[in-house]
Each structure stands twice: as C-alpha cells, then as structure tokens.
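Chain residues, written in single-letter form:
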Amino acid sequence: MSSRRSRSRQSGNSRITDDQITDLVSKLQQLIPELRGRRSDKVSASKVLQETCNYIRNLHREVDDLSDRLSELLASSDTDSDQAAIIRSLLM
C-alpha cells in the first residue's frame, strides 16, 4: 500500500478507502461497453480509467456531431414546416 494511502487512513475517515476505490472502479467498468463483459479481476484499474477517458471523449465527439447535424437540419428546413415543428417539439 502506498504511504500516501496509509497516511490518509491515519488522518481520519474522510478519505476514500482502498475497498471503496475497488468498488467504484468495478462499477465504472460495468458502464463502459468495451469492458462490460470482462471479469473485473482481469482488468486493471489503470485500464478501466483509460477506457473511461476514451469513452467520454467519444461521447463528446458524438454530441458535437449530432449538434452540428441538428444545426444544419434546422438551417436547411423551412421554420414553418412539419419537420421543423417536430424537431422543435423534441428539443422542448
């Protein structure tokens, strides 16, 4: 165990424990599609965190792409059209 973790335990219970970190990494692993089916004892915490960062970056890209597509769609459609009304209702 690292000395930093040892000191944090000695300084009080306000710090997160190793068991809590393990539990949180396991829960995080279940949220990442690339890691979901793997056994938790076969995936390092480092790998879980790397894949989580990659997954979040990809989600950000998808949101940006969808936002751009939506903007293009709204700009190209007649604001009084049925399609524009449907889009507006979905955004409300």
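Residues numbered from 1 in each chain as written. Predicted model: local features only at pLDDT ≥ 70, side-chain atom pairs only at ≥ 80, totals over all residues. Heavy atoms only, no water.

The chain is annotated in an unreviewed UniProt entry as BHLH domain-containing protein of Corchorus olitorius. A UniProt comment under Subcellular location (unreviewed entry) is attached to the chain, and it reads "Nucleus". (UniProt positions renumbered as here; feature names shortened; annotations may be inferred.)

Caption draft 1: Geometry of the overall build of the chain. A count of helices and strands for the chain gives four helices and zero strands. Here the chain, with 92 residues, has 15% of them falling under the buried criterion. Considering only contacts within the chain whose residues lie at least 6 apart along the sequence, 5% involve residues at least 24 apart. Per element, the accessible surface of the chain, about 7600 Å² overall, is 51% carbon and sulfur. (Helix = DSSP H or I, 4+ residues; strand = E, 2+ residues; numbered from the N terminus. Buried < 20%, exposed > 50% of the residue type's maximum accessible area, 1.4 Å probe, protein only. Contact = heavy atoms within 4.5 Å. Areas by Shrake-Rupley, 256 points an atom, 1.4 Å probe, with all protein chains shown as cover.)

Caption draft 2: A look at the confidence of the model for the chain. Summing up the model confidence of the chain, the mean pLDDT is 83 and the portion of residues at 70 or higher is 86%. When the elements of the chain are averaged for pLDDT, helix α1 (residues 3-10) gives the smallest value, 50, and helix α2 (residues 18-31) the largest, 94. (pLDDT = per-residue confidence, 0-100.)

Caption draft 3: Summary view of the pattern of salt bridges. One pass over the full model with this rule turns up two salt bridges. Across the pair Asp23 and Lys27 runs a salt bridge, and its minimum N-O distance is 3.2 Å. Of this pair, Asp23 and Lys27 both sit in helix α2, four residues apart, which is roughly one turn of that helix. Taking the shortest distance from any N to any O, the salt bridge between Glu51 and Lys47 comes out at 3.1 Å. Here the residue Glu51 and the residue Lys47 both occupy positions in helix α3 (residues 45-76), the gap between them amounting to four residues, near one helical turn. Residue Glu51 is classed as buried on the basis of its relative accessible area of 16%. (Salt bridge = Lys/Arg side-chain N within 4 Å of Asp/Glu carboxyl O.)

Caption draft 4: Quick peek at the environment of Ser44. Residue placement: Ser44 occurs in the loop between α2 and α3. The class for Ser44 is partly exposed, based on a relative accessible area of 41%. For the pair Ser44 and Gln29, spaced 15 residues apart in the sequence, the C-alpha separation amounts to 10.0 Å. Within the structure, Ser44 has its side chain in polar contact with the backbone nitrogen of Lys47 (distance 3.1 Å). (Polar contact = N/O pair within 3.5 Å; in protein donor to acceptor, adjacent residues only side chain to side chain.)

Caption draft 5: Looking closely at the nonpolar core. Within the largest apolar cluster, five residues are counted, these being Val25, Ile32, Leu35, Val43 and Val48. Sequence-distant contacts of Ile32, that is, excluding residues within four places in its chain, are made with Glu51, Thr52 and Tyr55. (Core = buried A, V, L, I, M, F, W, Y, C linked by side-chain atoms within 4.5 Å.)

Caption draft 6: Representation of the packing of α2 against α3. α3 packs onto α2 with a crossing angle of 40 degrees between their chain directions and a minimal axis gap of 10 Å. Here α2 lies oblique to α3, going by the angle between them. α3 is crossed by α2, and the crossing has left-handed handedness. Across the interface between the two elements, Val25, Leu28, Gln29 and Leu31 from α2 touch Ala45, Val48, Leu49, Thr52 and Tyr55 from α3. When grouped by side-chain class, the residues that make up the contact of α2 with α3 number seven nonpolar, two polar and no charged. (Axes fitted to C-alpha atoms, helices over the stretch in contact; angles between N-to-C directions. Parallel < 35°, antiparallel > 145°, perpendicular 65-115°, else oblique. Left-handed = near helix turned anticlockwise from the far one by under 90°. Nonpolar A, V, L, I, M, F, W, Y, C, P; charged D, E, K, R; others polar.)

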